Amino acid sequence: MNLPMQAQFVVIGGGIIGCSTAYHLARDHKADVILLEQNKLTSGSTWHAAGLVGQLRSSASITQVLKYSVELYKNLDKETGLETGWKMTGCLRLATNQDRWTEYKRLATTAQSFGMEMHLISPTEVKKMWPLMDVNDLVGASWLPTDGQASPSDITQSLAKGARMHGAKIIEGCRVEGFDMKDGRVTAVRTNLGVIACETVINCGGQWARQIGAMAGVSVPLQPVKHQYIITEKVDGLAADAATLRDPDRRTYFKEEVGGLVFGGYEPNPIPWTQGDVPGNFEFQLFEDDWDHFEQHMTQALARVPALEKTGIKKMINGPESFTPDGNFILGATPELKNFYVGAGFNAFGIASGGGAGWVLAEWAAKGEAPMDLWVVDIRRFSDLHKDRQWTSDRTLEAYGKHYTIGFPHEEYQSGRPRIVSPLYERLKQRNACFGSKLGWERPNWFAPQGVEPKDIYSMGRQNWFSAVGEEHKAVRERVGVFDQSSFAKYDLRGRDAAEALSWIMANRVPQVGKLAYTQMLNSRGGIECDLTVARPAEDHFYIVTGTGFRTHDFAWISDHIWPGLDARLTDITEQWGTLSVMGPQARAVIQKVADQDFSHAAFPFGAAREVKIAGHKTIALRVTYVGELGWELHISIAAIGEVFDALMKAGAPDGIVPAGYRAIESLRLEKGYRAWGSDITPNDTPFHAGLGWAVKLKSNQPFLGRDACEAVSSKPLVKMLAGFTTAREDIVLVGRETILRDGKFAGYLASGGYGYTVGLPIGYGYVRNAEGVSEDYVRSGTYELVVAKDIVKAKVHLEPLYDPTNAKVKS
């Protein structure tokens, strides 16, 4: 086939992700699609993938994506005539200790919340299902009957045929060599066979995706890692329909293949491939067998399946797989270019993800926004930090090593730290801070009492920081605390049309000069894409503050939605400003001692934004709170934050001021009912579902992005409503995804969970759902229970904050 001169979409990469994306663009959007493969289809890492297909993840949306893959693989052969090798064998996950068993009980509850079938079974039942297994060390296992396995090459060829049937063109032996760009967009793709003018590029280049992105100035943070597995000769007594097997405590997996077994694992000491460019001619190639490195998996596999001792080995597969710094794959619109998308870094579950990932990536590229909440895989979760290949490699290898470890709540990565620190780092360290990391920033999570090591000890129950965080929480409720929130993402928006630009993007009204607004920014479905504050120091100047982890995402969302031709310039100034949040009943008294202006309520009301001097240093003071107490965010030149901190701590000493950390912020905000983006509110949720309709300017005549959807949602009964829950049992640990039962029937699941030290109870937030309509009366009239790690626990529902500082009211 000759290379066409132009196309609507150019998909780069002929593995399962690229072929799935091309198939869905052609089938669902009747798009003009060309897929370019530098060698042959499947020749990168798809052909040697193990082919296990699991569906359950901690994200409802990603679980939906994987469930879609299974449905596609079941039926694709009917459309294309090419088999996919799909076998619904079910999957057993083994547990050999109580922490793992608790993890499975929580996962079983998550499965219930997400509408998936999952059972917890005994070692005896496991033995009946898999007679060749040694079960003597088992506590039990989880059983997901709808999981299975497939042939990676067969699925890919079937998707490729389907894409062609719907009009897509696939050109093999076509290597991308560069891009033509203009005004932040790709205008053409340059290849060894010629140039293709195009409207949109989708980079599904697998282990080459990083260097393909680099040609366009796009960062794709992934690292190829050597992954090994073995294919055995026929195993006597192994059933053809044997369940796939994951044995995470032994770091191994198994699947049946032609009467034998495929088995491999995820070791704690993985071997990276290159940090440089992957050779373009690495086609259907493998590395040399590394039996010494694989011995750790061989030993564990023999212990689990003793029959392997008498079974011959056909061959070892040692090939590269692309992994990412957080173990989640990479999808979506890149922040660097307006028409460049990525689907890569699938962490060895590209076969499980392939069908669904291609579906949502095609939707995203065709319509210009994600079809659902895909934040956990969104490429905009990364930052400039991830352009450092050594840092990305180190973190990726750590993530690989955690592939089968127990997923303890609140667990932190350790590699590449400390990377970014505020000037207060050493001061807080001396005060016994235990730090966490967010997008490279070291942030105090909690402060250990004197004589106690500031170190997290992970467990499935209450962790070692529980009482220390309770003391910080109490100090903020009763006295005053200071939080170092210098990692906040901060942007300047300037220009004569800045207000007009924001009026379209903000769901709330644009603030007046000297004021601030809390606002959401919505997609066309009315879903919440950003949740942030906008202050207005001057007529043509806005100061925008958002969460640390959302820095790249929110900047891209705002800049992408500023109308062309407007004089509105957005600049990221995160590192220029530090932030101290001074919160608590004594916050005003403390700040007033070191401020040059009146901080009384009359002079500085809630929602005000002022430029003041604190301890002699220029400060942007914002009267706002995320903890439910009197307080201010003080934004100070990063170079001066140390002096301001010292002055506040000295001035506040008589008032009992303490430094406090992010875990206290979480418990404080839960009591007050403040929403957290990424959990309580997401692109799947409108402000009206989330109880934030008061922050939407529907009563104005002003147009804004998402207005039509908001009008539609607000004009008819809601199908879900965010509510708070407390459990009757004080010892329950809520982490999110627990099932909500209303009058004994499924009604939703928790989006977030934690503990409120003032109310003395576990707290969770989740959407109460009912397709026929949800009102406040409907929510209040039910009797509620929560399913927590398979236990059914009595609960109370709350539509108002559990704690209100204006009258010290506490509800329990």
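**Q** Which residues make up the packing of aromatic side chains, and what values do they have?
**A** All told, the structure shown has 35 aromatic pairs when counted by the stated rule. Taken together, a centroid distance of 6.5 Å and an interplanar angle of 90° make the contact between Trp291 and Phe294 edge-to-face. Here Phe294 and Trp291 lie together in helix H7 (residues 291-304), a separation of three residues that amounts to about one turn. Through pairs of rings, three or more aromatic residues link up here, namely Trp130, Phe254, Phe263, Trp291 and Phe294. Positioned above the aromatic ring of Phe604, the side-chain terminus of Arg610 is 5.2 Å from the ring centre. The lysine or arginine in question, Lys720, covers the ring of Tyr767, its NZ or CZ lying 4.7 Å from the ring centre.

**Q** How would you explain the side chain of Thr334 if you had to name every residue and give the values?
**A** Position of Thr334 among the secondary structure elements: in the loop between strand S18 (330-333) and strand S19 (340-344). For Thr334, the side chain forms a polar contact with the main-chain oxygen of Phe340, separated by 3.0 Å. What Thr334 contacts, discounting residues up to four positions off in sequence, is Val218, Phe340, Val342 and Ile379.

**Q** Could you give an account of the sheet that holds strand S26 (residues 541-546), naming the residues involved and the relevant values?
**A** The five strands are arranged S24-S25-S26-S23-S27 in an open sheet whose pairing can be described as antiparallel. Of all strands in the sheet, those bounded by a partner on one side alone are strand S24 (516-522) and strand S27 (569-572). For this sheet, the mean inter-axis angle between neighbouring strands, taken without regard to orientation, is 30°. As defined by bridge partners, strand S23 (residues 489-494) adjoins S26 across six bridges and the pair is classed as antiparallel. Pairing of Asp492 across the sheet is with Tyr543, part of S26. Most of the contacts of helix H13 (residues 551-560) go to strand S25 (residues 528-538), to which it runs at about 75°, and overall it touches S23, S24, S25, S26 and S27.

**Q** Residues and numbers for the packing of helix H11 (residues 466-478) against helix H16 (residues 662-672), please.
**A** Contact pair H11 / H16: the axes reach a minimum separation of 9 Å and the direction vectors enclose 55°. The angle between the axes of H11 and H16 places the two elements in the oblique class. Two packed elements cross with a definite hand, and for H11 against H16 that hand is right-handed. Along its contact with H11, which presents Val469, Glu472, His473, Val476 and Arg477, the element H16 presents Arg663, Ala664, Ser667, Leu668 and Glu671. Classifying every residue of the contact of H11 with H16 gives four nonpolar, two polar and four charged.

**Q** Can you lay out unusual backbone geometry for me, pointing to particular residues and giving the numbers?
**A** Cis peptide bonds are those with omega within 30 degrees of zero, and the linkage from Arg417 to Pro418 qualifies with -5°. Mapped onto the elements, Pro418 comes out in the loop between helix H9 (389-401) and helix H10 (425-430). Even without being glycine, Ala789 reaches a positive phi, approximately 50°. By the secondary structure assignment, Ala789 is in the loop between strand S37 (784-788) and strand S38 (791-798).

**Q** Help me get a handle on the sheet that holds strand S30 (residues 617-622), residues and values and all.
**A** What the six strands build is an open sheet, ordered S29-S30-S31-S28-S22-S32; its pairing is mixed. Single-partner strands in this sheet number two, and they are strand S29 (609-614) and strand S32 (658-659). With two bridges connecting them, strand S22 (residues 481-484) and S32 associate as parallel partners. Residue pairing across strands places Val482 opposite Pro659, the latter belonging to S32.

**Q** So what's going on with the environment of Asn39? Residues and values would help.
**A** Its location among the elements puts Asn39 in the loop between strand S2 (33-37) and strand S3 (52-53). Note: C-alpha distance between Asn39 and Gly13 (26 residues apart in sequence) is 9.2 Å. The contact partners of Asn39, leaving out residues within four places of it in the chain, are Glu172, Gly173, Gly280 and Glu283.

**Q** Provide a residue-level description of the packing of helix H2 (residues 60-80) against helix H5 (residues 152-165), including the pertinent values.
**A** One way to put it is that H2 packs onto H5 with a least axis distance of 10 Å and a crossing angle of 50°. With respect to their mutual orientation, H2 and H5 come out oblique. The element H2 and its partner H5 pack so that their crossing is left-handed. Contacts between H2 and H5 involve Leu72, Tyr73, Leu76, Glu79 and Thr80 from the former and Ile155, Ser158, Leu159, Lys161, Gly162 and Met165 from the latter. Residue classes in the contact of H2 with H5 are distributed as six nonpolar, three polar and two charged.

**Q** Explain the side chain of Glu369 to me, using residue names and the numbers behind them.
**A** Residue position: Glu369 is located in the loop between helix H8 (350-367) and H9. At 2.5 Å, the side chain of Glu369 forms a polar contact with the side chain of Ser524. Here Glu369 is in contact with Glu363, Trp364, Asn523, Ser524, Arg525 and Trp557, once residues within four sequence places are set aside.

**Q** A description of the nonpolar core should follow, citing residues and the corresponding values.
**A** Most often, soluble globular proteins keep nonpolar side chains buried together rather than apart. Within the largest apolar cluster, 52 residues are counted, with the highest numbers of intra-cluster contacts made by Ile202, Leu331 and Leu374. Put simply, the parts of the chain that give this core at least two residues each are strand S1 (6-12), helix H1 (16-29), S2, H2, H5, S18 and H8. A per-element tally of this core places H8 first, with nine residues.

**Q** Describe helix H12 (residues 498-505), and please don't skip the residues or the numbers.
**A** For H12, the complete set of buried residues consists of Ala498, Ala501, Leu502, Ser503 and Ile505. Buried residues belonging to H12 abut S23, S24, S25, S26 and H13.

Reading guide: rules and limits
Residues numbered from 1 in each chain as written. Predicted model: local features only at pLDDT ≥ 70, side-chain atom pairs only at ≥ 80, totals over all residues. Heavy atoms only, no water. Phe/Tyr/Trp six-rings, centres within 6.5 Å; stacked < 30°, edge-to-face > 60°. Helix = DSSP H or I, 4+ residues; strand = E, 2+ residues; numbered from the N terminus. Lys NZ or Arg CZ within 6 Å of the ring centre and 35° of its normal. Polar contact = N/O pair within 3.5 Å; in protein donor to acceptor, adjacent residues only side chain to side chain. Contact = heavy atoms within 4.5 Å. Pairing = 2+ DSSP bridges. Axes fitted to C-alpha atoms, helices over the stretch in contact; angles between N-to-C directions. Parallel < 35°, antiparallel > 145°, perpendicular 65-115°, else oblique. Left-handed = near helix turned anticlockwise from the far one by under 90°. Nonpolar A, V, L, I, M, F, W, Y, C, P; charged D, E, K, R; others polar. Core = buried A, V, L, I, M, F, W, Y, C linked by side-chain atoms within 4.5 Å. Buried < 20%, exposed > 50% of the residue type's maximum accessible area, 1.4 Å probe, protein only.

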